[in-house]
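Take a look at the letters that make up each chain.
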Amino acid sequence: MRFQTLRGFNDILPDDFRYWRYVLNKAVELADRFGYKQIDTPILEETRLFLRGLQEGSAVVLDKELYTFEDQDGTSVSLRPEFTAGLMRAFVEHGMASWPKPVKLFAIGPLFRHEKPQAGRFRQHVQFNAELLGEEDAAADLEIMQLAYSLYHELGFKGLAFQLNSIGCPRCRPAYIETLRAYFRPHQAGLPEVDRRRLEVNPLRVLDTKEAATLPLLDGAPRSIDHLCPACADHFHALTGYLDLLGLPYVINPRLVRGFDYYVRTVFEVWGSELGAQNALCGGGRYDGLVESVGGPPTPGVGVGIGIERIVISLRRQGIEPPPLTQPQVIVLHYGPAAKAEAIRLVDELRRQGVPTLMAFGDRSLKAQLKTADRSGARYALLLGEEELAAATVTVRDLQAGTQTAVSRQDILPWLRSRLP
RNA sequence: GUGACCAUAGCUCAAUUGGCAGAGUGCCUGGUUGUGGCCCAGGAGGUUUCGGGUUCGAGACCCGGUGGUCACCCCA
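Everything in this summary refers to the structure shown in the same document. (Residues numbered from 1 in each chain as written. Chains lettered and ligands numbered in written order. Predicted model: local features only at pLDDT ≥ 70, side-chain atom pairs only at ≥ 80, totals over all residues. Heavy atoms only, no water.)

**What to know about the pairing of strand β15 (residues 393-398)**
So, step 1. Among the six residues of β15, five are classified as buried, and the element is accordingly described as predominantly covered.
So, step 2. The sheet contact formed by strand β14 (residues 380-384) and β15 spans four bridges and is antiparallel. Bridge pairing links Y380 to D398 in β15.
So, step 3. Here β15 runs beside strand β16 (residues 403-408); their pairing, made up of six bridges, is antiparallel. Pairing of T395 across the sheet is with A406, part of β16.
So, step 4. Hairpin remark: β15 followed by β16, antiparallel, with four residues in the connecting loop; positive phi at G402, about 80 degrees. (Buried < 20%, exposed > 50% of the residue type's maximum accessible area, 1.4 Å probe, protein only. Helix = DSSP H or I, 4+ residues; strand = E, 2+ residues; numbered from the N terminus. Pairing = 2+ DSSP bridges.)

Dropping the structure here:
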């Protein structure tokens, strides 16, 4: 019986971790630098949390992609498909509304969606998520965008740019949606089925259609940024002003939208050019209605979700090499039973003293052990045999230089310390 | 959920019109006493993704499953 990973699930192998460590270390370091506190919430939550307050049409679709089952108590539970819902639940459950504002959180962990796998899209993927809660200032939107941008930039990505839009708020959006529907009404008959359905269920989604028949109409379509209420317009102009101030590259994209009601004002993505149809590296936006939707007080919020797999794929395609992972620079070889016992003691001693050390296993020929040592990547092979035991020394072979010297057994630790990085 | 292409050794790939399943690389061992890399020799490693079918004969042709890649759908 042979087993394999489930469709859309991946093993992350040691060689992959060169990239993963590089990315995750950078993400955590940046979050610290920006003053975000790490939080982790359960992978499993009550199903209702993920389906709360969504539009009818959306709930049906999302339900299909949710990994849901009944647990032994008969509770319907689901693997989290996103971070934000759990974070909002934690925000309310732990009274973070009474913490000093803003509350700035980040989380890293796996998310699960039963989708058909595609470039950079898997059923389990790891996301880095940052949220800034309790602040309406456009400078908060800017900060979240900067955090995302800095991550890609500092990892070595080139040609980055924001796609940016504002989709208004519950005050101005309904009127805009009516304007949008009115614009398409005369063309209704010529529209593809999917887009006619979108106009009814989720009108903003028509704007990011890929239907050839609809595309020509989009150029003349009314833009949400031209129909913002004064407060939303001010917010948007403030944000673009800040982006200009910092010289961050952005493109105002009137077709960039979100499908859910709790999104307001800012929506953005960071685009790279390495991922086929999935050219969005990450997406984020403002969601002032979200905390309320899980039973908390009205709380403005802005956040971003960044897929780690997409970064790793993109790094590989761009030929960006992460720094190599550190590995033990010392390996202990032995020849003869008495020497093996001493080798076991020496390995133990070095590791206790904090020196990463490898042990040559088995009772193989010295030649075979040296071959192993060579492939291990270690710099120094410490050789113990009858001669060394008799003289109370260790033969240290520099595998890089091909030279070797005898070092007194009791001096081996300082000898290594002075030479290892 | 829809569609296209794909699946041979751990990895990268061969195998003429349907006729003995191979190479490179990696792995293990050896090239005589306690010395790696280079070189040489040997070895292990395959139900050709799985299940059916056609055929004297299938890695190859047909049907189905599983998985991969890509696009659509959707994207919290």
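And the narrative resumes.
**Topic: the pattern of salt bridges**
So, step 1. Counted under the stated rule, the structure contains 29 salt bridges.
So, step 2. For R196, the salt bridge is made with E193, and the minimal N-O distance between the two is 3.9 Å. Here the residue R196 and the residue E193 both occupy positions in helix α7 (residues 193-201), the gap between them amounting to three residues, near one helical turn.
So, step 3. For R196, a relative accessible area of 32% puts it in the partly exposed group.
So, step 4. Judged by relative accessible area, which is 51%, E193 ranks as exposed.
So, step 5. Among the ionic contacts, a cluster of salt bridges with common partners joins D15, D16, R18, R316 and E321. (Salt bridge = Lys/Arg side-chain N within 4 Å of Asp/Glu carboxyl O.)

**Looking at the sheet that holds strand β9 (residues 264-271)**
So, step 1. An order of β1-β5-β6-β11-β10-β9-β7-β8 is seen for the eight strands of this open sheet, with the pairing classed as mixed. Edge positions in the open sheet fall to β1 (37-38) and β8 (250-252), since each of these has one partner strand only.
So, step 2. Where strand β6 (residues 124-133) and strand β11 (residues 301-307) come together, seven bridges link them in antiparallel fashion. Paired with L132 across the two strands is V302, which belongs to β11.

**So, unusual backbone geometry**
So, step 1. With an omega of -5 degrees, the peptide bond between K101 and P102 qualifies as cis.
So, step 2. The residue P102 is located in the loop between α4 (84-93) and β5 (103-112) in this model.
So, step 3. In the Ramachandran plot, R265 falls in the positive-phi region, its phi being about 50 degrees despite a non-glycine side chain.
So, step 4. Given the relative accessible area of 8%, R265 is considered buried.
So, step 5. One non-glycine residue with positive phi stands out, namely A392, at about 55 degrees.
So, step 6. Tracing the sequence through the fold places A392 in the loop between α14 (386-391) and β15.

**A look at the protein's contact with RNA strand B**
So, step 1. Contacts to RNA strand B come from 43 residues, most closely from E82, R198, F260, Y335 and L399.
So, step 2. Sugar and phosphate atoms constitute 56% of the interface atoms of RNA strand B, taking the interface as everything within 4 Å of the protein.
So, step 3. Note that a phosphate oxygen of RNA strand B is positioned 2.8 Å from one of the side-chain N or O atoms of K210.
So, step 4. Taking L399, its main chain carries an N or O atom lying 2.5 Å from a base nitrogen of RNA strand B.
So, step 5. Among the elements of the structure, α3 (56-65), α7, α13 (366-376) and α14 are those that each provide at least two residues to the surface near RNA strand B. (Near = heavy atom within 4 Å. Polar contact = N/O pair within 3.5 Å; in protein donor to acceptor, adjacent residues only side chain to side chain.)

**As for the state of the cysteines**
So, step 1. Scanning the model with the defined rule gives zero disulfides in all.
So, step 2. Between C232, a cysteine without a disulfide, and C169, which holds the nearest cysteine sulfur, the sulfur-to-sulfur distance is 3.5 Å. (Disulfide = S-S within 2.5 Å.)

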